[in-house]
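# Inside the fold
Listed below, chain by chain, are the residues.
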Amino acid sequence: MKRFRRHGTESQRDRLKQELFQFTKTVEHGFPHQPSALGYSSSLQLMAIGTRSGAIKLYGAPGVEFMGLHDENAAVTQVFFMPHQVELVTLLDDNSLHMWTLRSHKGLSELLEIGRFLLTGPPGCSGGELLLLGTEGGHVFIVEVPGFRELEEMNISLDQITSCVPDDYVGRRNLEHVEALQENPINSNQVAIGYGRGLMVIWDLNHRCAIRHIPATQQLESMWWTENGSCILSSHSDGSYCCWTLRTGDKKEEEEKSNIPYGHFPCKAINKIVQLPTAGGPPFLLFSGGMPRASYGDRHCITVIYSKTQVAFDFTSRIIDFFVIRDGPHHTEPSALVVLVEEELVVIDLQTEGWPVIQTPYLVPLHSSAITCSYHVSAIPLKLWERIIAAGVVQNTQYSKKLWPITGGQNLAPDPPQRDLLLTGHEDGTVRFWDASGVCLYPLYKLSTAAVFNADADLNDNMSQSAEGEWPPFRKVGCFDPYSDDPRLGIQKIHLCKYSGYLTVAGTAGQILMLELNDEAAEQTVEAKVVDLLQGQEGFRWKGHTQLDVREEPVLFPPGFQPFTVVQCQPPAVVTALNLHSEWKLVAFGTSHGFGVYDYLQKNTVLVKCTLNPSDQLAMEGPLSRVKSIKKSLRQSFRRIRRSRVSLRKHHISNTNKVIQEANARLEAELAEMELAPVQRKIEARSSDDSFTGLVRILCFADTFLSDSSHNTPSLWAGTNGGTVFAYILYIPPVEHRADEALTAQPAKEIQLMHRAPVVGIVVLDGHGAPLPEPLETAHDLARSPDLLGSHHVLVISEEQFKVFTLPKLSSKMKLKLTAVDGSRVRRVGVAWFGSSRTEDYGESGLVFLTNQGDVHVLSLPHIKMQIRYPCIRREDVSGIASCVFTKQGQGFYLMSPSEFERFSLSTRYLVEPRCLVEAPLPPVFSNQHQPKLEGASSALRYMLSPYFPFFLQEIQKSLEGDQT
Amino acid sequence: MSRQSQQQHRTPIRHIDNTVEVKSKFEAEYRRFGLKRNGFGGFQEFYHLLQNIHHIHGVEVLLEYADIHGDLLPINNDENFHKAVSSANPVLRIIITKKEGDSVVYTTNSLQRRRKGLGLTGLRPAGSGSIHSKNKSGLMIGPPQDFRQISSIIDVDILPESYRRVRLHKYGSKKPLGFYIRDGVSVRVTPQGVEKVPGVFISRLVRGGLAESTGLLAVNDEILEVNGIDLTGKSLDQVTDMMVANSHNLIVTVKPANQRNNVAPRGSKNSMGHSGSVGSGGSIGSALSHDSPSPASQSNPITASSSIAEGDSYEEDDDGDVILENDCLSPNKYYPVTNSNSSTLNRDSPHKGQHSAIPQSVSMPNSLGTSLSHSSTMMSHHNGGSTHSVSSSQESMKEDGNVITL
């Protein structure tokens, strides 16, 4: 056929493809995985977070975010904004320094790396236009930025320090390891250098000599030079902090007091200490750590002391760093404490009584309980949107009313064209509703399903509540809580009807909940219905978990989605497929044993079908199956025995020769690696006896021609892991008799795909080849009603092939083989509509799918021709691939880490990406004559936005050099 | 492929208890008639009746019928004739063949095997009414159960001699394909010199498996292609999935680790293989007698080969999806059947009593629905022996579709 195809049409199609499809990774939602550094620019009002994988992310006002990635795959250990500039310096743990800038391009800012510098030893801290780098050896190097030119003549060498310090401190070890560097806030020529052993030296950069020294004796953790320059606070590894008053003239510094705040018993180190003055009152003192080692050594705390108030904020994970935002006329009043902990960002309002938490508009920990599934709904009607928001507002009363304090940059992104919801199901049985319309994935509402069931351990919440007079005065903050009380509560499937407000969620223990949106709190009994999916199949005994216990007494449900019915599958296996048809008021569900249809109006089961293969015993194992793990652990323990024998022998022989021993160890490691990973794959044809062939993968409702070509009827389609498709004709009584007349389901067709690959999608196409609209969509005049004149087709998507069958005859019409040709398998699939970027009125439907190789493809509908293919996810990232969801507009989300969604788009027309501008902090006062130092630098930066950037960079360098020499 | 079956309007007749529906077939022709269950005589009478109905007076024929288990059993005396009538369920299907002297062995599943021999397999009994429409007796060249595909070396004439292309043919045997593959390093000669590239190798053969029993594959053979698709740049998992996806008809091109058997004399070549591979022995021999091009002289010997076309001819292989139609069933009658049968969904297992409505007297061979005949057509491709027999059976079915018998 190919030779008859004309060239003209080909190129025309290619052009059209370019107008329709385009792959971009647009924005990352959620909380960065493994953050390792935090920085803040008070002049830009931007916050920067560095991660262990070398990413650097900047956040300002909601919608303002930037992301950069270091080429080196090393952890970011420090992020430092240049004061009053749009530049920041990052230090990686491979001792490289990187300079980043926000450069403007076409009216938008982008984050670019503009310089790098490799150090020879790890530094401490830095300040000003000069970057001071303290090393482990005790030297302090001075580097000029930007440009990273080392100013050798200014370096503070160990010798210079030694000569200025009394002899009793000169011991080699006292001057090892620069732990902290602080600039005098009122005199930038003075720098305090803190050494690990406790000695602190104040150095004058201009005169290149030590002014004084502070002889602390405890291991130093951090230093803080107070605002007025009169005191230095030092914190130590024994949980104490000291305040040293700097008296002019006096040679000897006096330690005002050594204070161990949580004293008596040994305490852990105070890692960081900050003291901030307030205009009309006592200063704020904030420090992290310092907890009594024995009783609270495992807590992650930041203590805030203000006047008589002292609170130890107890965080959910390790504290990475914290800073305080100050506002007021002179930006001096501490207003908010921003704490970055390993799993979330917590912002505490320090100006409101009780120091409440401010809800973060971004960086929300998606994984506060592990995400088990996600579901996306596009174009939410305004009414439903408002009701969900209203339900969410009621839940969030504990948050501070204060506006988000980080406000840097301008969000220039247009308002999202529609309201999109992303629903995430979690391990603890909650469903979270996120506003996914824009750049910020904002939490709207949280639904908990646990209340429906009798939990084994009713949470003792008062345990965490601080009792009166408790010491330390703990207060729990943050929402990260990865511990699930009962794994059976985990949410596996979600389906929301955006028109009717009906929601169905299904979980790990075969539970299917039907929920309805109610604006009022209501006390109601949830009706439970058990459905036996085995249908009398003999010889099976479920070995997994038991089913959940539904509460029989009425439960008070808060406003929002309230459950009214729960269907429980028997055996209580994980629900693997779920669908809701709100127009027919039916919910279909499937597990590894079969599927069923439940009528939630009449509250009875319409259909139950067992799909279990009699030879499949594995299907009766629960998710906590031990069969495999025993086999595996046996194998591993044998290996361990063998290896230990080998190493024992080697140990005896080569005890004398270290070189041989080392070589042997290396060899052994290699051997062990080979043994542990025998990269070998079995080639075997799939047979009908394979395990889990009966597992239901997909359920779909369709109003189509199943019995004959002249009458369309409601139908249910089910696809299994074994490549079988079942089709049922549903009889649904007319509306007036809907509540009392019986519904029936009649088996109509059954397809057994010859290649037996799991069926992952079923799409019914109407006479125009377009996918059928969603239920109620046409009723709400939001979609063209399906074409019922032309013949319908059903597209069956298996992991290996795409096949189009005619309806109602089910003769095979077209197919596309995927696996047989390139070895990839379909993992996730969705139908999307792609609008042309050139003309408003052209668009077409496409089938979007993601393969196990991590590539996204688009197929044309209804001709199932390959359109485009892009690599999207690393193929090793199995959980990322499994988590992918597609939207109806050709976008997609996948979990790039347990806590972050990556958003991508395949569409040219519909893109959600950050578009923002960050201006240099000071008003442009640029003139051709460079003003000295500070102004010169910042005004030049203003010009970095111009194309003459390289020239001006040189100018800055020159001016800086001029200043220094 | 698309067989335009004439939509024939058929009026279902009431099932009368003491009448047996008989559907007899001689060559491509069908006859349908009723038979009184009790009032009919013996075998001879029936034999003559059939001769009358089919207008084949004076032709020596054999009568066979399909019993409820899908077995093809003979009718040659009164006793088995009565047995046949009593087992009609509800249709008694008779197949008339010309007596040609060769004995047919009747065993269990012989109907199925016969179907397979003709390239008709995988048909669900739901469509049993149309089975015989495809069963062209004129096609039977020999006893079909002796004529089947076997695993063999193919395309010897177009491949460089250091390569070997092997078709692993399962042919319904219960044997597993039985081999494992692994990652490895392969040495290639390129214009730049010797280069090490990642490759995929056979790592293990399962004892008693198909791969081992054919003797055509060995451990450490490098796999270069799967069903005509070059594996360069493919990961082990991709190759695994490709092989599994093609497992019903797997053609692998390997570079044998042991190159000594490549230019072996004809005899040793054959003896090397399993006895089953004799069938292709001749072609190997003839190909080897040609001067096959040396690998160095061909830049890309594999992709240039006809293997892709080869793959194409098997393109429809797995199209034999089985489609069950239940639309002419009343649900209450259906339930017991599906519950017992569809759980044991074996595509060859017979379904009984599904069709309560029977077309009257004369019908088109495939009047039971295009999808059925369609699926069976697909089926014919699947196990249709050589390319030859596929095309011929296809042709014959076209004829089938056009035969209208009154």
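Here is what the cut-offs are and how they apply
Residues numbered from 1 in each chain as written. Chains lettered and ligands numbered in written order. Predicted model: local features only at pLDDT ≥ 70, side-chain atom pairs only at ≥ 80, totals over all residues. Heavy atoms only, no water. UniProt positions renumbered as here; feature names shortened; annotations may be inferred. Helix = DSSP H or I, 4+ residues; strand = E, 2+ residues; numbered from the N terminus. Pairing = 2+ DSSP bridges. Salt bridge = Lys/Arg side-chain N within 4 Å of Asp/Glu carboxyl O. Buried < 20%, exposed > 50% of the residue type's maximum accessible area, 1.4 Å probe, protein only. Phe/Tyr/Trp six-rings, centres within 6.5 Å; stacked < 30°, edge-to-face > 60°. Lys NZ or Arg CZ within 6 Å of the ring centre and 35° of its normal. Axes fitted to C-alpha atoms, helices over the stretch in contact; angles between N-to-C directions.

Chain B is annotated in an unreviewed UniProt entry as Par-6 family cell polarity regulator alpha from Xiphophorus maculatus. According to the UniProt record, the Sequence similarities (unreviewed entry) comment for chain B is "Belongs to the PAR6 family."

Going by the annotation in an unreviewed UniProt entry, the name recorded for chain A is LLGL scribble cell polarity complex component 2, with Xiphophorus maculatus given as the source organism. According to the UniProt record, the Subcellular location (unreviewed entry) comment for chain A reads "Cytoplasm". In UniProt, chain A has this text filed under Sequence similarities (unreviewed entry): "Belongs to the WD repeat L(2)GL family."

Another aspect to go through is the UniProt feature "domain: Lethal giant larvae homologue" (unreviewed entry) in chain A. Cross-referencing UniProt, the feature "domain: Lethal giant larvae homologue" (unreviewed entry) maps to residues 259-356 of chain A in the present numbering. Secondary structure within residues 259-356 of chain A divides into 4% helix and 52% strand; the distance between the first and last C-alpha atoms comes to 27 Å.

Residue and element names in this part refer to chain A. Across the sheet, 4 strands lie side by side as β1-β61-β60-β59; this open sheet has antiparallel pairing. Pairing within the sheet leaves two strands with one partner each, and these edge strands are β1 (21-30) and β59 (885-886). Alignment of β1 against strand β61 (residues 900-907), held across 7 bridges, turns out to be antiparallel. In the sheet register, glutamate 28 faces β61, and the bridge partner there is glutamate 902.

Attention shifts here to the UniProt feature "repeat: WD" (unreviewed entry) in chain A. All names here are of chain A. The feature "repeat: WD" (unreviewed entry), as annotated in UniProt, sits at residues 69-110 and 417-435 in this numbering. For residues 69-110, the helix share is 0%, the strand share is 62%, and the end-to-end C-alpha distance is 13 Å. With 0% helix and 63% strand, the stretch residues 417-435 has end C-alpha atoms that lie 13 Å from each other.

So, on to the pattern of salt bridges. Overall, the coordinates contain 29 salt bridges over all chains when judged by the stated rule. Note that aspartate 855 of chain A and arginine 869 of chain A form a salt bridge whose closest N and O atoms lie 2.7 Å from each other. Highlighted residues: aspartate 855 of chain A in strand β57 (residues 855-860) and arginine 869 of chain A in strand β58 (residues 866-871), separated in sequence by 14 residues. Salt bridges sharing partners connect three or more residues here, namely Arg697, Glu799, Glu800, Arg825 and Arg827 of chain A together with Asp241 of chain B.

For the rest of this paragraph, the subject is the pairing of strand β2 (residues 35-41) of chain A. Residues and elements named next belong to chain A. The buried fraction of β2 is high, at 6 of 7 residues. Judged from the 6 bridges that link them, β2 and strand β3 (residues 46-51) form a sheet pairing that is antiparallel. Bridge pairing links serine 41 to leucine 46 in β3. A loop of 4 residues connects β2 with β3, the two strands running antiparallel in sequence, and glutamine 45 in this loop sits at a positive phi of about 55 degrees.

Quick look at the packing of aromatic side chains now. All names here are of chain A. Scanning the entire structure with this criterion turns up 27 aromatic pairs over all chains. Residues tyrosine 362 and tryptophan 404 carry aromatic rings whose centres are separated by 5.4 Å and whose planes lie at 80 degrees to one another, so their mutual orientation is edge-to-face. With tyrosine 362 in the loop between β28 (357-358) and β29 (371-377) and tryptophan 404 in the loop between α4 (382-395) and β30 (410-411), this pair connects stretches of sequence that are 42 residues apart. Here tyrosine 362 falls in the buried class, since its relative accessible area comes to 2%. Among the aromatic side chains, those forming a connected cluster through ring pairs are Phe23, Tyr870, Phe886, Tyr894 and Phe904. Between the NZ or CZ atom of arginine 299 and the centre of the ring of phenylalanine 474, over which it lies, the distance is 4.2 Å.

Let us now look at the sheet that holds strand β37 (residues 511-518) of chain A. Residues and elements named next belong to chain A. As summarised here, the arrangement of the 5 strands in space is β35-β36-β37-β41-β39, forming an open sheet in which the pairing is mixed. One side of each edge strand has no neighbouring strand; the edge strands of this open sheet are β35 (491-496) and β39 (527-532). Strand-to-strand twist in this sheet, taken as the mean axis angle between neighbours without regard to direction, amounts to 20 degrees. Looking at chain direction, strand β36 (residues 502-507) and β37 are connected through 5 bridges and run antiparallel. Looking at β37, one finds that valine 505 is bridged to leucine 513.

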